Amino acid sequence: MEKEGKILIVDDNEDVLFALNLLLKPHVEKVKVSTQPSQITRFMKEFEPDVILLDMNFKQDAISGKEGFDCLEQILQTDKQAVVIFMTAYADTDKAVKAIKAGATDFISKPWEKEKILATLSTAIKLRQSRREINKLKSQMTALNATLKMPVIIGQSPAMKELEKTITQLAEIDANILILGENGTGKDLVARALHYHSLRQDKPFVTIDLGSIPEALFEGEIFGFEKGAFTDAHQAKVGRMEVATGGTLFLDEIGNLSLPMQSKLLTAIEKKQISRLGSTKITPIDIRLICATNSPIHQLVEEGRFRQDLLYRINTIEIHIPPLRERGEDVLLLAEHFMQIFARKYKKSPKGFSKEARQKLMMYSWPGNVRELQHAIERAVILSHTPLLKADDFILTPQPEKRMEENESLNLHELEQNAIERAIRRCNGNLTQAAELLGISRYALYRKLEKI
């Protein structure tokens, strides 16, 4: 049976230390001993004991136990969940009660009974493990509560129907997925939908935006750290990989990750284990990895800026999200959806969009995609004072004029034909919508189509 638990024993009597070391070594993972209470903090950072056996009475004060209580206070300041067992040859009920109230886990009298001290330590080690597991579960519950609601993907365009079909097909497949798409297309939403429809849906969904985390903080965020691992590590932190165990880890904007950090991530994925910063303890992980980027990641590989072996690990399946300008009437569906949300938020009562407003929304190329549309609708709802949102309510970024090449046709018939074809494509073949987009009647569009 594998031995568990690291024990730190602090006592000013070397005979006691020798006897306890001899007794405990066959039963626990590791034992460290010290006669110096001043060294406890150092041992806690370097040795990371599960249980501290602490003498209550040192040479300076052999009866009152004040030194022991001072040490206990120092230990709990370093780690408020530390498991401390007091030892003393001057045991009495009052001291035992005071010790427990001060934060000690248990109290052992000297001389000890072998079976009793082994049982006490076994219980203490399990308590320490339980406290660690509770911290991890708390983090996982926080992540889980954020993903209980089913993500809603809005869109009727062929591209979005195909995307929804792909998500459904992947429901039974626990493969790593890479989502590609421009900024603002909804990569986070698709990642959440993939998790919600997966075999891990009742486990945490944990996300890291690699575009917003400085490289110096990446390891601490993804792997976690122990208290004192670096200057600002005032308390231990569970890493995102550890929190996501059993569930899904979503790494957004993975194309921003530096080569050294790519190497560390690859090692963790391949070995399925991590170590927190400041710790040598190995923690197994079980995650489904979903990554996303707006960068041309295959080009980054060719340029030597992204590891090919890491790309192989993260893109078992690739999903491409189309930009909003290629989604036709989805623009109006999303606009209606956002209008209702912001009408409730700002206690407004818009009824819809004017014809000119609909045309403006459909004609715009939306370089910021769904995110830009959402902001545009929010601003329009706030500023509008009429039942219908008008074209003037939408302040859109001017689109740069396309530079005309020398050999580009100026033939009016060809220009009109191209405009009609673009309008029909944008409206997914809906001629009524295309006519509205072109600013002509449906009958006039029919006539023009007959001439093409």
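Up top is the structure.
Computed from a prediction, not measured in an experiment: that's the story for all the values here. (Residues numbered from 1 in each chain as written. Predicted model: local features only at pLDDT ≥ 70, side-chain atom pairs only at ≥ 80, totals over all residues. Heavy atoms only, no water.)

1. A look at the overall build of the chain
Part 1 of the argument: Within the chain one finds 18 helices and 16 strands.
Part 2 of the argument: The buried share among the 452 residues of the chain stands at 45%.
Part 3 of the argument: Intrachain contacts of the chain at a sequence separation of at least 6 include 71% that bridge at least 24 residues.
Part 4 of the argument: Roughly 24,700 Å² of accessible area belongs to the chain as shown, and the carbon and sulfur atoms make up 51% of that amount. (Helix = DSSP H or I, 4+ residues; strand = E, 2+ residues; numbered from the N terminus. Buried < 20%, exposed > 50% of the residue type's maximum accessible area, 1.4 Å probe, protein only. Contact = heavy atoms within 4.5 Å. Areas by Shrake-Rupley, 256 points an atom, 1.4 Å probe, with all protein chains shown as cover.)

2. Describing the nonpolar core
Part 1 of the argument: Core analysis: the largest hydrophobic core is formed by 34 residues, its most contacted members being Met241, Leu249, Leu251, Ile254 and Ile314.
Part 2 of the argument: The element that contributes the greatest number of residues to this core is helix H10 (residues 259-271), accounting for five residues.
Part 3 of the argument: If we skip the residues at most four places from it in the chain, Leu251 touches Ile208, Leu210, Ile222, Leu265, Leu289, Ile290, Cys291 and Ala292. (Core = buried A, V, L, I, M, F, W, Y, C linked by side-chain atoms within 4.5 Å.)

3. Observations concerning the sheet that holds strand S10 (residues 248-252)
Part 1 of the argument: Across the sheet, five strands lie side by side as S7-S10-S13-S6-S14; this open sheet has parallel pairing. Each end of this open sheet is capped by a strand with a single partner; those strands are strand S7 (205-209) and strand S14 (317-320). Recorded for the sheet is a direction-independent mean angle of 20 degrees between the axes of neighbouring strands.
Part 2 of the argument: Where strand S6 (residues 177-180) and strand S13 (residues 288-293) come together, four bridges link them in parallel fashion. Residue pairing across strands places Ile177 opposite Ile290, the latter belonging to S13. (Pairing = 2+ DSSP bridges. Axes fitted to C-alpha atoms, helices over the stretch in contact; angles between N-to-C directions.)

4. Notes on the sheet that holds strand S1 (residues 6-10)
Part 1 of the argument: Overall, parallel pairing links the five strands, which are arranged S2-S1-S3-S4-S5 in an open sheet. Strands with a single pairing partner mark the edges of an open sheet, and in this sheet they are strand S2 (30-34) and strand S5 (106-109). For this sheet the average axis-to-axis angle between neighbouring strands, irrespective of direction, equals 20 degrees.
Part 2 of the argument: Relative to strand S3 (residues 51-55), S1 runs parallel, the two being bridged by four bridges. Note that in S3 the partner of Ile9 across the bridge is Leu53.
Part 3 of the argument: Strand contacts of helix H1 (residues 14-24): S1, S2, S3 and strand S4 (84-88), with the helix running at about 165 degrees to S1, the strand carrying the most contacts.
Part 4 of the argument: The sheet strands contacting helix H3 (residues 66-78) are S3 and S4, and the helix crosses S3 at an angle near 155 degrees.

5. Side note on the packing of aromatic side chains
Part 1 of the argument: Evaluated as defined, the whole model comprises six aromatic pairs.
Part 2 of the argument: Ring geometry for Phe69 against Phe86: centres 5.5 Å apart, planes inclined by 70 degrees, an arrangement best described as edge-to-face. Here the residue Phe69 occupies a position in helix H3, and Phe86 occupies one in strand S4, the gap between them amounting to 17 residues.
Part 3 of the argument: Ring centres 6.4 Å apart and planes at 75 degrees place the aromatic pair Phe218 and Phe223 in the edge-to-face group. Per residue, the accessibility class of Phe218 equals that of Phe223, and both read buried.
Part 4 of the argument: Looking at Lys6, its charged tip hangs above the ring of Phe47, at a distance of 5.3 Å from the centre.
Part 5 of the argument: Its end group placed over the ring of Phe43, Arg42 keeps NZ or CZ at 4.7 Å from the ring centre. (Phe/Tyr/Trp six-rings, centres within 6.5 Å; stacked < 30°, edge-to-face > 60°. Lys NZ or Arg CZ within 6 Å of the ring centre and 35° of its normal.)

6. Some details on the pattern of salt bridges
Part 1 of the argument: Under the defined criterion, the tally for this structure stands at 18 salt bridges.
Part 2 of the argument: The residue Arg325 makes a salt bridge to Glu182 at a minimum N-O spacing of 2.5 Å. Of the two residues, Arg325 is situated in the loop between S14 and helix H13 (330-345) and Glu182 in the loop between S6 and helix H7 (187-196); the sequence distance between them amounts to 143 residues.
Part 3 of the argument: Take Glu182: its relative accessible area is 29%, and that puts it in the partly exposed class.
Part 4 of the argument: Arg276 serves as the salt-bridge partner of Glu242, at 3.2 Å between the closest nitrogen and oxygen. You can see Glu242 sitting in helix H9 (residues 240-243) and its partner Arg276 sitting in the loop between strand S11 (273-274) and strand S12 (283-284), a full 34 residues away along the chain. (Salt bridge = Lys/Arg side-chain N within 4 Å of Asp/Glu carboxyl O.)

7. Overview of a nonpolar patch on the surface
Part 1 of the argument: On the surface, Ile382, Leu383 and Ile395 cluster together to form a nonpolar patch covering roughly 260 Å² of accessible area.
Part 2 of the argument: With respect to the helices and strands, the residue Leu383 is situated in helix H15 (residues 369-383).
Part 3 of the argument: The exposure class assigned to Leu383 is partly exposed, which follows from its relative accessible area of 45%. (Patch = residues over 30% accessible without salt bridge, like charges linked within 9 Å, V, L, I, M, F, W, Y side chains within 5 Å.)

8. Comments concerning unusual backbone geometry
Part 1 of the argument: Even without being a glycine, Glu48 presents a positive backbone phi close to 55 degrees.
Part 2 of the argument: Following the sequence through the fold, Glu48 ends up in the loop between helix H2 (40-46) and S3.
Part 3 of the argument: The phi dihedral of Asn369 is positive, around 60 degrees, even though this residue is not glycine.
Part 4 of the argument: Topologically, Asn369 is positioned in helix H15.

9. Details of H7
Part 1 of the argument: What H7 keeps buried is the set Lys187, Val190, Ala191, Ala193, Leu194 and His195.
Part 2 of the argument: Elements in contact with the buried residues of H7: helix H6 (158-169), S6, S7, S10, S13 and S14.

10. Brief notes about H10
Part 1 of the argument: For H10, which comprises 13 residues, the first-to-last C-alpha distance of 18 Å matches the rise-based estimate of 18 Å (1.5 Å per residue) to within 8%.
Part 2 of the argument: Within H10, the full set of buried residues consists of Met261, Gln262, Leu265, Leu266, Ala268 and Ile269. With its buried residues spanning 165 degrees around the axis, H10 presents them on a single face.
Part 3 of the argument: Contact partners of the buried residues in H10: helix H8 (215-223), H9, S10, S11, S13 and helix H12 (308-314). (Expected span 1.5 Å × (residues − 1). Arc of directions from axis to C-beta.)

11. Here's the deal with the packing of H13 against H15
Part 1 of the argument: Between H13 and H15, whose axes approach to 9 Å, the crossing angle comes to 45 degrees. Of the possible angle classes, the one that applies to H13 and H15 is oblique. Crossing handedness for the pair H13 and H15: right-handed. Residue-level contacts link Val331, Leu334, Ala335, Phe338, Met339, Phe342, Ala343 and Lys345 of H13 to Val370, Leu373, Gln374, Ile377, Glu378 and Val381 of H15.
Part 2 of the argument: Residues of the contact of H13 with H15, tallied by class, amount to 11 nonpolar, one polar and two charged. (Parallel < 35°, antiparallel > 145°, perpendicular 65-115°, else oblique. Left-handed = near helix turned anticlockwise from the far one by under 90°. Nonpolar A, V, L, I, M, F, W, Y, C, P; charged D, E, K, R; others polar.)

Keep in mind that these numbers describe shape and distance, not what the molecule does.
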